[in-house]
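Close look at the chain arrangement
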Amino acid sequence: MKLRIMPGVLISAVLLTSCSVSRNISRGQSFSFDTLTSVTVCSKNSSSKDILDAVQDCLSEMSDNFSLCYDTDADALPENGLYTDCIADTKALDRLYGDKINITCGALTGLWGISTDSPRVPVQEEITEALALMTDTDYPENTSDFPEGVKLDFGAVAKGYALDRIYEALAASEDTDYAVVSLSSSTLLYGQKPGGEKFHTAVTDPDTGTGYLGIIETEAAFISTSGGSERFFEADGQKYCHILDTKTGYPAETDLASVTVIVPADTPGGGIKSDFLSTLIYIEGSGELEKWLACEDIRIIAADANGAVYTSCGGFTLDESSKYKYG
């Protein structure tokens, strides 16, 4: 058995940060949500360090609450408001887009253990038992109201939800000029750069985890990428990715290599929406891409297993050195 967790990030913000001499910039890094995160804040005065501290405090709180929640029974989680809000936001997205994302899959996630040091392939009886612990997506308001034995897994939405809260922290300061908050697979590009310059961010090659699939040029936005190359393990010659299909109980079988979803930053709940939809579209596969490419409130970049890229993002440029070609 071989476990592989890619050290690289799916979304890179390294091309983004520059401030004019009349502005103040602060940068910070931390290990949150089991990955290296980075924050850059540019302000009109010397308050950028205070803004950075507020963002990092928010990030720390989010990570402490949502990292590996599937280890805990739903009714044992504290009623601190964060879970209630995140559950409500996820429930609303399930109603809009279907129930392929189900946060009551914690027992199933823990069974496979793909993001741990000891992943394994469960037997069918174990999978059936874990599926039986899941509820439908009409979640109760409070974690204490879930049926006994339900374990929650916020992995498909936690980073996006955290970015929504960070957006609020940035907006609370009138001095924030622009900011870049990268949580590896989810990124917030906030505000407006000097002179109206657009943000530029890279999507990592889904096959290698190094090099770029291409570059996105965009206004302020939430951007999330889902794919099978970031976390997976191999057993008996078969590869199992960390994204589970909660209908079958097995890792998602999809012909897509990665999906990136871009949501305008001024969209209420845009962070969790980008995170939720990138996972959902990845699970659905290329057969459902046409409807997502036609959506006017999001932009997507999808790479398939045959080396084709499909996109509704006019600001995306495919890297010439990538094996991928426009479909």
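Residues numbered from 1 in each chain as written. Predicted model: local features only at pLDDT ≥ 70, side-chain atom pairs only at ≥ 80, totals over all residues. Heavy atoms only, no water.

**Digging into the nonpolar core**
The condition is simple: Only buried residues count toward a nonpolar core, which is a set of Ala, Val, Leu, Ile, Met, Phe, Trp, Tyr and Cys residues joined through side-chain atoms within 4.5 Å. For the exposure calls, accessible area comes from a 1.4 Å probe over protein chains only, and a residue counts as buried if that area is under 20% of its type's maximum, exposed if over 50%, partly exposed in between. Contacts: residue pairs with any heavy atoms within 4.5 Å of one another.
One finds Phe66, Phe154, Ile166, Leu170 and Ile281 to be the most contacted residues of the largest nonpolar core, which totals 57 residues. Apart from the residues within four sequence positions on either side, Ile281 is in contact with Leu256, Val259, Val261, Leu289, Trp292 and Ile300. One finds Ala303, Cys313, Phe316 and Leu318 within the second-largest nonpolar core, a separate group that totals 19 residues.

**Quick look at the packing of aromatic side chains**
For clarity, the threshold we go by: A pair of aromatic rings is counted whenever rings of Phe, Tyr or Trp (Trp by its six-membered ring) have centres within 6.5 Å, and the orientation is called stacked for planes under 30 degrees apart, edge-to-face for over 60 and tilted otherwise. Only DSSP runs of H or I with at least four residues qualify as helices, and only runs of E with at least two residues qualify as strands; both kinds are numbered from the N terminus onward.
Scanning the entire structure with this criterion turns up 12 aromatic pairs. Pairing Tyr97 with Phe276 gives two aromatic rings, centres 6.4 Å apart and planes at 45°, and the pair type is tilted. Placement of Tyr97 in helix H2 (residues 82-97) and of Phe276 in helix H6 (residues 270-284) is noted, with a sequence separation of 179 residues between them. Look at Tyr97 and you get partly exposed, because its relative accessible area is 22%. Arranged with centres 5.9 Å apart and planes meeting at 45°, the rings of Tyr167 and Phe222 form a pair that is tilted. Here the residue Tyr167 occupies a position in helix H5 (residues 158-171), and Phe222 occupies one in strand E9 (residues 221-227), the gap between them amounting to 55 residues. Its relative accessible area of 1% is what places Phe222 among the buried residues. Here a set of aromatic residues connected by ring pairs shows up, and it is made of Phe66, Tyr83, Phe154 and Tyr161.

**Some thoughts on the layout of surface pockets**
Under the convention used in this document: Using a 1 Å grid laid over the protein atoms alone, points where a 1.4 Å probe fits but cannot get out form a cavity; open sets with protein on both sides within 12 Å along at least 5 of 7 lines form a pocket; any residue with an atom within 4 Å of a point counts as lining. Grid points are joined across faces, edges and corners, and a volume is the space filled by probe spheres set on the points. In this count, Pro and Cys sit with the nonpolar residues alongside Ala, Val, Leu, Ile, Met, Phe, Trp and Tyr, while Asp, Glu, Lys and Arg are called charged and the others, Gly among them, polar.
Taken as a whole, the second largest pocket spans an internal volume of roughly 400 Å³. Lining the second largest pocket we find 23 residues, and of these Lys239, Cys241, Ala252, Thr254 and Tyr282 sit closest to its centre. Every element with two or more residues in the lining of the second largest pocket is listed here: strand E11 (238-241), strand E13 (250-251) and strand E14 (256-264). The greatest single-element share of the lining of the second largest pocket, amounting to four residues, is contributed by E11. Of the residues assigned to the lining of the second largest pocket, the class counts are 13 nonpolar, four polar and six charged.

**Observations concerning the packing of H5 against H6**
Helix-helix packing: each pair is described by the crossing angle between the helix axes and the interaxial distance. What counts, and what does not: Only the stretch in contact is used when a helix axis is fitted, and all axes are lines through C-alpha atoms; the angle between N-to-C directions ranges over 0 to 180 degrees. Each angle is binned into one of four classes, with values under 35 degrees roughly parallel, values over 145 roughly antiparallel, values of 65 to 115 roughly perpendicular, and all other values oblique. Crossing handedness is defined as follows: a turn of the near helix away from the far one that is anticlockwise and smaller than a right angle gives a left-handed crossing, while the clockwise case is right-handed.
The geometry of H5 relative to H6 is characterised by a closest axis approach of 6 Å and an angle of 165° between their N-to-C directions. Taken together, the axes of H5 and H6 lie roughly antiparallel to each other. For the crossing formed where H5 meets H6, the hand is right-handed. Here H5 contributes Ala158, Lys159, Gly160, Tyr161 and Asp164 to the contact with H6, which in turn contributes Gly270, Gly271, Ile272 and Asp275. The class makeup of the residues in the contact of H5 with H6 is three nonpolar, three polar and three charged.

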